[in-house]
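Understanding the architecture of this molecule
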Amino acid sequence: MTAYSLTEAPAGVANPEVWTRGVPGKVAAGDLWLLSWDGVGAGLGAISARMPGYVLVWPVTLPSEPSHSPALMLETSPLGVPVSIWPTRETGVGDAVLHRRLGHLLAPRLMVAIEDALDEDENPPLPFAHPASDPAQQRVQDEEMIDRWEAICLTQWPAPTATDPRLDREAASSHGLTPTRLSELLKVDASEAVALQLGEVSLAPGQAETIAADLGVAVTDLLTPTRATATAVLLDPAWKDHVLRLAAHRDISEASARDLVATEFALAARSSNSPADLLRAAFARLLGE
Amino acid sequence: MACVAEQPKDPAAWKGMARVSTGARPEDLESPQRSDLPFTKDGHWTYRYIRSVKKALTGDPVLCPFQVTLPEPLRTEVLDHYKNRPRADATTPKTGSH
């Protein structure tokens, strides 16, 4: 498969406006989504389970792409063409990769029935695609597909180990923390202690725990929640177009654009506005609008 | 990566569930470090990185080396965790030994 365009429907799609505009709706099981990363359409997937921050999906392919058993054939789709679905190749996909909802594809009960049948090595309630006529070519196509979906699975934002904990200056003060005490506790000089106290720089691993233990409070009572808030809001696919616009504007990767927005949000988040309003303002600042 | 579904209908791939030592999620299955298994750090079995593994490469000493058969009761716990994953209709699936 070549990468999908995000702005032009693949040849043969009968409802191209569905591809280019999408169908508004929440992320939910049974729906068909276009997946993308770094501005490139990476694949099509039917959501088989909604999880916090990610989804499990069944790969879906179009009539213009290779299809063979064990794919199952579905005669109707929101794109106006039959599609192949690949339940045996279910894959975990981070929310950041969800690009555009293309509509409802499969009834959740039907998906469960298919899954149960395949688990028991029985025939599922949809027909298998025909076996490939050329087994050697099928092997190549299978390998390419498995590699591609592994790459989609391993695309992860935010990075699992990425943390940027900062002290919430008001919370720190309210618990009696001072730069002098910080300097003693963390064995840092006065200027660094002030920067830490004001939340201007990140805490190193273990420092938040040291401070919290000294004050007798929970770590979460001391840290600013803003970056975490930005990250959570940014995972909503509704922001995907903004992220890609920023990445193109700055000529940076999608992950870097997301990090940039989260940082911008965190630095300016002390406001009564909603997280969505703050995020919109962060994008506007970064795009120079 | 543990094989959680052999996928007999699929000649090319089995389904794997990864064990991770960072980025644990609330729904993950805890998996402490064990000196008798290749688990050198505390970790979790996670749905997040469920994906296909090529049958043709399984057992390749470099690309996909076989590590160990999980001993009981761990084997059943891991397979049950997979079977208990949330599903499309939001039901809890059947459980039981693999």
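Check the entry above for the structure.
Notes on the structure follow. (Residues numbered from 1 in each chain as written. Chains lettered and ligands numbered in written order. Predicted model: local features only at pLDDT ≥ 70, side-chain atom pairs only at ≥ 80, totals over all residues. Heavy atoms only, no water.)

Moving on to the packing of aromatic side chains. Residue and element names in this part refer to chain A. In this structure the tally under the stated criterion is 3 aromatic pairs over all chains. Ring plane angle 70° and centroid distance 5.2 Å describe the contact between tyrosine 4 and tryptophan 19, whose orientation is recorded as edge-to-face. Of this pair, tyrosine 4 sits in the segment before α1 (16-21) while tryptophan 19 sits in helix α1; the two residues are 15 residues apart in sequence, bridging distant segments of the chain. What makes tyrosine 4 buried here is its relative accessible area of 7%. (Phe/Tyr/Trp six-rings, centres within 6.5 Å; stacked < 30°, edge-to-face > 60°. Helix = DSSP H or I, 4+ residues; strand = E, 2+ residues; numbered from the N terminus. Buried < 20%, exposed > 50% of the residue type's maximum accessible area, 1.4 Å probe, protein only.)

Now for helix α7 (residues 207-215) of chain A. Each full turn of the α-helix corresponds to 3.6 residues, which orients residues three or four apart in the same direction. All names here are of chain A. By the burial criterion, the buried members of α7 are Gln207, Ala208, Ile211 and Ala212. Down the axis, α7 shows its buried residues gathered within 130° of arc, on one side only. Buried residues belonging to α7 abut α5 (179-186) and α6 (190-197). (Arc of directions from axis to C-beta. Contact = heavy atoms within 4.5 Å.)

Another point: the interface of chain A and chain B. Counting residues at the interface gives 41 residues for chain A and 26 residues for chain B. Viewed at the interface, chain B and chain A are joined by 9 salt bridges. The partner of A:Glu90 in a salt bridge is B:Lys15, with the nearest N and O atoms 2.9 Å apart. Taken together, the connections running from chain A to chain B amount to 18 residue pairs in polar contact (both at pLDDT 80 or more). Looking at the side of chain A that touches chain B, the elements that each hand over two or more residues are β2 (40-51), β3 (54-61), β6 (91-94), α2 (108-119) and α3 (135-154) of chain A. Partitioned by chemical class, the residues of the side of chain A that touches chain B number 18 nonpolar, 10 polar and 13 charged. (Salt bridge = Lys/Arg side-chain N within 4 Å of Asp/Glu carboxyl O. Polar contact = N/O pair within 3.5 Å; in protein donor to acceptor, adjacent residues only side chain to side chain. Nonpolar A, V, L, I, M, F, W, Y, C, P; charged D, E, K, R; others polar.)

Core analysis: the largest hydrophobic core is formed by 37 residues, its most contacted members being A:Leu35, A:Val93, A:Leu234, A:Val261, A:Leu279 and A:Phe283. Where this core is concerned, the elements lending two or more residues are β1 (31-37), β2, β3, α3, α8 (226-234), α9 (240-250), α10 (254-267) and α11 (275-286) of chain A. With 5 residues, the top contributor of residues to this core is α11(A). The contact partners of A:Val261, leaving out residues within four places of it in the chain, are A:Leu234, A:Leu246, A:Leu279, A:Ala282, A:Phe283 and A:Leu286. In terms of nonpolar packing, the next biggest core, distinct from the first, is built from 30 residues, A:Tyr4, A:Leu62, A:Leu72 and B:Ala88 among them. (Core = buried A, V, L, I, M, F, W, Y, C linked by side-chain atoms within 4.5 Å.)

Purely geometric stuff here, so don't read any function into it on its own.
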